[in-house]
Amino acid sequence: MVKRKVAALEKLDADFASLQYKIRRDPRSYKDDFLKQWEQYESQREIFLTSPTAGTADSIESFHNMIDLIAHVADCYPEETKTYPDDLKLILNDHHAALHPDLRDKIVGSLVLLRRKDVIDSASLLTTLFPILVSSPSKSLRELIFQKILSDVRNSNSKSINHPLNRTVQTVLYNLVTADRGSPRAIWAIKLTRELWKRQLWTDAKPVDVMKEACLSDNEKVVIGATRFFLGGDKEREELEDDSSDEEIDLSKIRHQIGINKKTKKQKKSYERAVHKVRRDERKKAKPHPLNFSALHLLHDPQGFVEQLYSKHLQNTKSKLSLESKILVLQLITRLVGLHKLTIVALYSWFIKYLTPRQQSVTTILACLAQGTHNLVPPDAIEPLIQKIANEFVSEAAAAEVCAAGMNAIREICSRQPLAMTDTLLQDLVQYRKSKDKGVMMAAKGLLSLYREVGAELLQRKDRGKNATIGLKNGLQHQQKFGEEVAGGIEGLDLLAKWKDEEEKRRRLAKGLAETPGSDEEKDAEDDDGSDSDGWEVGTEDSSDSGEWINVDHSDDEAPASKKQKQKKKKGPDDASDSESDAEEDTESAANQLERMQLLATTTILTPADLQKLQELRATAAIESAAGGTRRKGPNAPEIRHADDGLTAENIEAPAKLRKLTKEEKVALAKEGKPEREEHKSTQAIKRSKKEAEGKSTSNREKQRKKNFLMTLGKAKSKQKRSLVETRKVLRGHVERSTRGGRRRNFA
């Protein structure tokens, strides 16, 4: 009985498929057949609407097939089927909770199919599906509708941006979030907005406003989802763009495969799609990169948004957010404060009770405090926090990791607001550069090198270093006052001026001339030679009677070292930095360098090559500054962060290479890059298994080792019974075969 029903259903499906194919080929000839099916559909629909839950399996299957048939041919008979989309919407809206799952999915798919055939528009489809998405109790139906909505919006924006549809959907999502602050339904608005933002279909300020309102929700899941969007949505978009650009299609390989295999329409279409994708990628490469702003920059009122976030989720004692959720909100708040240089003085007093080594996720809290600091924050608000960190973290009794984390946090805070440090505390922290722990030592040296650049007055004279001493004496370096902004200019122009000066000296020495241009005759000689001199104009005094230069070769080995050089060699590094005589000697050179920089900025037009060299010099100077005055290359070079990038706990904690590894970390490091194996195997066994996996053969000797013992027993016995004459004959034959190239011989 069951087999008969299955056979009957299969035959019915085949009949529907055949009729559908015939109608699409010739709609006029099969119009009568379609009208008969339409009458059956209307009768079954009326029966279904009278009792949606009382239908049998056969009736549901028949109604399912009828809906499928009409959905595929509805565009052939638009007048007869103009009420068909409204019928499906009515059934789905009123009875989606009671419908059979297969019938319910078929109705959703039929509506999407009608949208693809342009029977209905996107707005009509989305306004039908979205209320069901946020109200349906079925998880599978919600996932299906979410994917259908997402794909429809993507298809509508594939050829060109559909602004009316985007505004309609964004308004619906905005109303969903703001209608009920405590409802979890807003999570669907977050998911949809995040996906469309990641795929760069929505890049304006409207989706950012939707996420902004979601951050102010009363539901914890909604708040976390929206906060994660601001903290990581832009990175997801960049990663997706990098992944899509990495996919390359080899057209020659596809063409070769089509030539080998049987030619089908499917292969032809796949080849056409591949050609279309290659051409589209080439057009994308030719186009200039679009200017995509970060979500943090598209906020309309960041000051008001941050104040609302702080008062609602952090300052409010009735907030029901957990500590992890509060830390996420704190990361967003401090990121916006540091990026837009906002002023929320009450925020810094909130950190006081959390600045202790026993606090959970304390390194993340320290990173938040650092990235929420900028040069417009009052130093009085930051100074107690730095003092608290120094008292709690930096001490001889604290662990090395704790001390290093505290020092790194203080350095990050002071790099953004140097005025928050006092001279007494700074001199105390700088003494930790002599610590035996590498992480503490590096953190203290980083703090010392920072204040040599931004506040050398707070350091003792022996700790200032040579450059800071010269800068303070000449007035080239001074600590900025609160609210003082640096005058606009080209950053790193002094580096370019110095580099040009060194290049000019190198060229002159290569020609056998003095380092600096001298007499007029020399200049005339250079002009006659046609050499282009980029040297600086320096006033000279002609003291030579002959008017000519005499080139004298000096050998470094023969020239005796001067007393000053000997004294410098004997002095230690601290004594060299303390030497006032060195500072007096370099005072004039620093002033000359400043004058050359001003001359370069006012009289020279920088070429593209100069700008490229300027960028290289900036990067090199930043690396040397971060490394404490020494240049580092390779993977251990310090990371240069962009101003928009936030701080993380890894930036505060001591790097793994500066501390002792635990046993688990050592095991993980040893296993890194090695194949995972359940049991221990020798190197030969691993090679043998790799050979077998690759399908490679083994040598004759390896095959003999695996041979059955009974098969080799006779040869072993005969080998033992050989006489000396037989043994000599066998060995001689072996030698002859090896000389002539084996049994098959080498005829070449």
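Computed from a predicted model, the values in this text were never measured in an experiment.

**A closer look at the overall build of the protein**
The helix and strand inventory of the protein stands at 34 helices and 0 strands. Sequence-distant contacts in the protein: of pairs separated by 6 or more residues, those separated by 24 or more amount to 68%. With an accessible surface of roughly 48100 Å², the protein has 50% of that area assigned to carbon and sulfur atoms.

**A word on the pattern of salt bridges**
What the rule picks out here adds up to 17 salt bridges. With its nearest N and O atoms 3.6 Å apart, the salt bridge here joins Asp87 to Arg45. Of this pair, Asp87 sits in helix α4 (residues 84-95) while Arg45 sits in helix α2 (residues 31-50), and the two are 42 residues apart along the sequence. Across the pair, Arg45 and Asp87 agree in class, each one buried. The closest approach of N and O atoms between Glu213 and Arg181, which form a salt bridge, is 2.7 Å. Placement of Glu213 in helix α10 (residues 205-215) and of Arg181 in the loop between α8 (163-179) and α9 (186-198) is noted, with a sequence separation of 32 residues between them.

**Brief notes about the packing of helix α6 (residues 122-135) against helix α7 (residues 139-156)**
Between α6 and α7, whose axes approach to 10 Å, the crossing angle comes to 155 degrees. When the axis of α6 is compared with that of α7, the two are roughly antiparallel. α7 is crossed by α6, and the crossing has left-handed handedness. Residues Ser122, Leu125, Leu126, Leu129, Phe130, Ile132 and Leu133 of α6 lie in contact with α7, whose contacting residues are Leu141, Arg142, Ile145, Phe146, Lys148, Ile149, Asp152, Val153 and Ser156. Across the contact of α6 with α7, the residue classes break down as 11 nonpolar, 2 polar and 3 charged.

**Looking at the environment of Leu114**
Among the structural elements, Leu114 can be located in helix α5 (residues 101-116). Its relative accessible area of 0% is what places Leu114 among the buried residues. Along the primary structure Leu114 and Pro85 are separated by 29 residues, whereas in three dimensions their C-alpha atoms are 7.8 Å apart. Once residues lying within four places of it in the same chain are set aside, the contact partners of Leu114 are Ala71, Ala74, Tyr84, Pro85, Leu88, Val119 and Ile120.

**Things to note about unusual backbone geometry**
Of note, the phi angle at Asp118 is positive, near 65 degrees, even though the residue is not glycine. We note that Gln200 has phi near 60 degrees; this positive angle belongs to a residue other than glycine. Following the sequence through the fold, Gln200 ends up in the loop between α9 and α10. For Gln200, a relative accessible area of 28% translates into the label partly exposed.

**Brief notes about the side chain of Ser183**
For Ser183, the location among the structural elements is in the loop between α8 and α9. Here Ser183 falls in the buried class, since its relative accessible area comes to 14%. A polar contact of 3.2 Å, which involves the side chain of Ser183, links it to the backbone nitrogen of Arg185.

**Quick word on the packing of aromatic side chains**
In the structure shown here, the tally under the stated rule is 13 aromatic pairs. Arranged with centres 6.1 Å apart and planes meeting at 10 degrees, the rings of Tyr41 and Phe63 form a pair that is stacked. Taken together, the residues span a long stretch of sequence, with Tyr41 in helix α2 and Phe63 in helix α3 (residues 57-73) at a distance of 22 residues. For the pair shown, Tyr41 and Phe63 are each scored as buried. With a centroid separation of 5.6 Å and an interplanar angle of 65 degrees, the aromatic rings of Tyr41 and Tyr84 are classed as edge-to-face. Taken together, the positions of Tyr41 in helix α2 and Tyr84 in helix α4 put the pair 43 residues apart, joining distant regions of the chain. What makes Tyr84 buried here is its relative accessible area of 0%. A cation over a ring is seen here: Lys206 above Tyr174, with NZ or CZ 5.0 Å from the ring centre.

**Topic: α6**
If you check α6, its first and last C-alpha atoms are 20 Å apart, about what 14 residues at 1.5 Å a residue would give, namely 20 Å. Burial runs high along α6: 10 of the 14 residues are buried. Within the span of α6, buried status applies to Ser122, Ser124, Leu125, Leu126, Thr128, Leu129, Phe130, Ile132, Leu133 and Val134. Where α6 is buried, its residues touch α4, α5, α7, α8 and α9.

**Considering the side chain of Gln417**
Relative to the elements of secondary structure, Gln417 occurs in the loop between α19 (400-416) and α20 (423-430). Excluding anything up to four places from it in sequence, Gln417 contacts Thr373, His374, Asn375, Leu376, Val377, Pro379 and Phe482.

**Thoughts on a positive patch on the surface**
Judged by side-chain charge, Lys265, Lys266, Lys268, Lys269 and Arg273 come together as a positively charged surface patch. When you line up the elements, Arg273 lands in helix α13 (residues 265-286).

**Topic: the confidence of the model for the protein**
Summary statistics for the protein give a mean pLDDT of 78 and a share of 74% for residues scoring 70 or more. Within the protein, helix α18 (residues 379-393) carries the highest mean pLDDT (94), whereas helix α25 (residues 563-570) carries the lowest (44). Scored below 50 in pLDDT, residues 529-574 makes 29 contacts in the model with residues more than four places away or belonging to other chains. Taken together, the stretch residues 627-640 has pLDDT below 50 and engages in 19 contacts with residues farther than four places along the chain or on a different chain.

**Examining the packing of α2 against α3**
Put simply, α2 and α3 touch, their axes get as near as 10 Å, and they point 135 degrees apart. Between α2 and α3, the crossing angle belongs to the class labelled oblique. As α2 packs across α3, the resulting crossing turns out to be left-handed. Contacts between α2 and α3 involve Phe34, Gln37, Trp38, Gln40, Tyr41, Gln44, Arg45 and Phe48 from the former and Ser62, Phe63, Met66, Ile67, Leu69, Ile70 and Val73 from the latter. Looking at the contact of α2 with α3 residue by residue, the classes come out as 10 nonpolar, 4 polar and 1 charged.

What counts as what
- Residues numbered from 1 in each chain as written.
- Predicted model: local features only at pLDDT ≥ 70, side-chain atom pairs only at ≥ 80, totals over all residues.
- Heavy atoms only, no water.
- Helix = DSSP H or I, 4+ residues; strand = E, 2+ residues; numbered from the N terminus.
- Contact = heavy atoms within 4.5 Å.
- Areas by Shrake-Rupley, 256 points an atom, 1.4 Å probe, with all protein chains shown as cover.
- Salt bridge = Lys/Arg side-chain N within 4 Å of Asp/Glu carboxyl O.
- Buried < 20%, exposed > 50% of the residue type's maximum accessible area, 1.4 Å probe, protein only.
- Axes fitted to C-alpha atoms, helices over the stretch in contact; angles between N-to-C directions.
- Parallel < 35°, antiparallel > 145°, perpendicular 65-115°, else oblique.
- Left-handed = near helix turned anticlockwise from the far one by under 90°.
- Nonpolar A, V, L, I, M, F, W, Y, C, P; charged D, E, K, R; others polar.
- Polar contact = N/O pair within 3.5 Å; in protein donor to acceptor, adjacent residues only side chain to side chain.
- Phe/Tyr/Trp six-rings, centres within 6.5 Å; stacked < 30°, edge-to-face > 60°.
- Lys NZ or Arg CZ within 6 Å of the ring centre and 35° of its normal.
- Expected span 1.5 Å × (residues − 1).
- Patch = residues over 30% accessible without salt bridge, like charges linked within 9 Å, V, L, I, M, F, W, Y side chains within 5 Å.
- Lys, Arg positive; Asp, Glu negative; His and termini not counted.
- Charge placed at Lys NZ, Arg CZ, Asp CG, Glu CD.
- pLDDT = per-residue confidence, 0-100.

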